[in-house]
Amino acid sequence: MATSDLLRAALRYAESRKNLVGCVCGLAGVGLTLAGAGGPLWPVVVAGLYGAGALIAPPERPPAPAFPDPAEQLDALRADLATLRGYLSGVGLPPAARTRLAEFDALVGALLEPGWVSDPEQVRVLARAVRQDVPEAVDAFVRTRWWNRVVPGAEPPERHLERQLGALREEAAAIADALRETEERRQETHTRYLEDRGR
């Protein structure tokens, strides 16, 4: 085990920048020696130049982690939205909440169509809504409704669910508004470009 670790470490050093720069500098020392500048101390010159090259070489940097790009995240998010739709189809919701949920679902489904959302922050907001906020709101409603039947409370749980779904729809609508404004600016810029080109 220790031998294989030493072998791996030696191979890593052999491929490192420090070794490669040191070898180039050492070859320069061999060139100086062949030109007659090294004299009898040529091994010291070659070793010194190799050491100097190894010292001045930049250190190895570990590779940056490869996180999924927004397109890959959106594919997973579309699958999660389909899973959420399956879950919600089996939950009995009041008509007003079902209407708000349908509005939210239609808006998020449109935002997740390919080619629209690419900003990582917008992807994060949509992912949080689909994976966390909506399931939590519906689950809290179902649990509270059950307890409300046993021990009636002051405020019906439907109101909280409707407010939560309304807030989530507004959050998704803000993303849609930002996308619309971006497309409007793009269209206006292209119009100005075409008009200026014709002059």
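Because the structure is a prediction, the values reported are computed rather than measured.

**Re the pattern of salt bridges**
Scanning the entire structure with this criterion turns up 11 salt bridges. Between R78 and D75 there is a salt bridge whose closest N-O contact spans 2.6 Å. Residue R78 and its partner D75 are both found in helix 4 (residues 70–89); the two are separated by three residues, about one turn of the helix. A salt bridge links R180 to E184; the nearest nitrogen and oxygen atoms lie 3.1 Å apart. Of this pair, R180 and E184 both sit in helix 7 (residues 157–197), four residues apart, roughly one helical turn. Residue classification places E184 among the partly exposed residues on the basis of a relative accessible area of 36%. Here the salt bridges do not stand alone but share partners, grouping R128, D133 and E171 into one network.

**Structural notes on a nonpolar patch on the surface**
Nonpolar side chains collect at one region of the surface, where L27, V30 and L34 lie side by side and expose about 330 Å² of accessible area between them. One can find L34 in helix 2 (residues 17–34).

**Section: the nonpolar core**
Of all hydrophobic cores here, the largest spans 32 residues; its most connected members are F104, V108, L111, L126, V134 and L161. Contributions of two or more residues to this core are made by helix 4, helix 5 (95–111), helix 6 (120–150) and helix 7. No other element matches the 10 residues that helix 6 contributes to this core. With near-sequence residues (within four places) excluded, L111 lies in contact with W116, V117, L126, A172, I175, A176 and L179.

**Here's the deal with helix 3 (residues 42–56)**
For helix 3, with 15 residues, the first-to-last C-alpha span of 21 Å sits near the 21 Å given by 1.5 Å per residue. Residues of helix 3 that are buried: V46, G53 and A54. Buried positions in helix 3, seen along its axis, are confined to an arc of 100° and lie on one side of it. Facing away from the buried side of helix 3 by more than 90 degrees, the exposed set consists of V44, L55 and I56.

So, how was this worked out
- Residues numbered from 1 in each chain as written.
- Predicted model: local features only at pLDDT ≥ 70, side-chain atom pairs only at ≥ 80, totals over all residues.
- Heavy atoms only, no water.
- Salt bridge = Lys/Arg side-chain N within 4 Å of Asp/Glu carboxyl O.
- Helix = DSSP H or I, 4+ residues; strand = E, 2+ residues; numbered from the N terminus.
- Buried < 20%, exposed > 50% of the residue type's maximum accessible area, 1.4 Å probe, protein only.
- Patch = residues over 30% accessible without salt bridge, like charges linked within 9 Å, V, L, I, M, F, W, Y side chains within 5 Å.
- Areas by Shrake-Rupley, 256 points an atom, 1.4 Å probe, with all protein chains shown as cover.
- Core = buried A, V, L, I, M, F, W, Y, C linked by side-chain atoms within 4.5 Å.
- Contact = heavy atoms within 4.5 Å.
- Expected span 1.5 Å × (residues − 1).
- Arc of directions from axis to C-beta.

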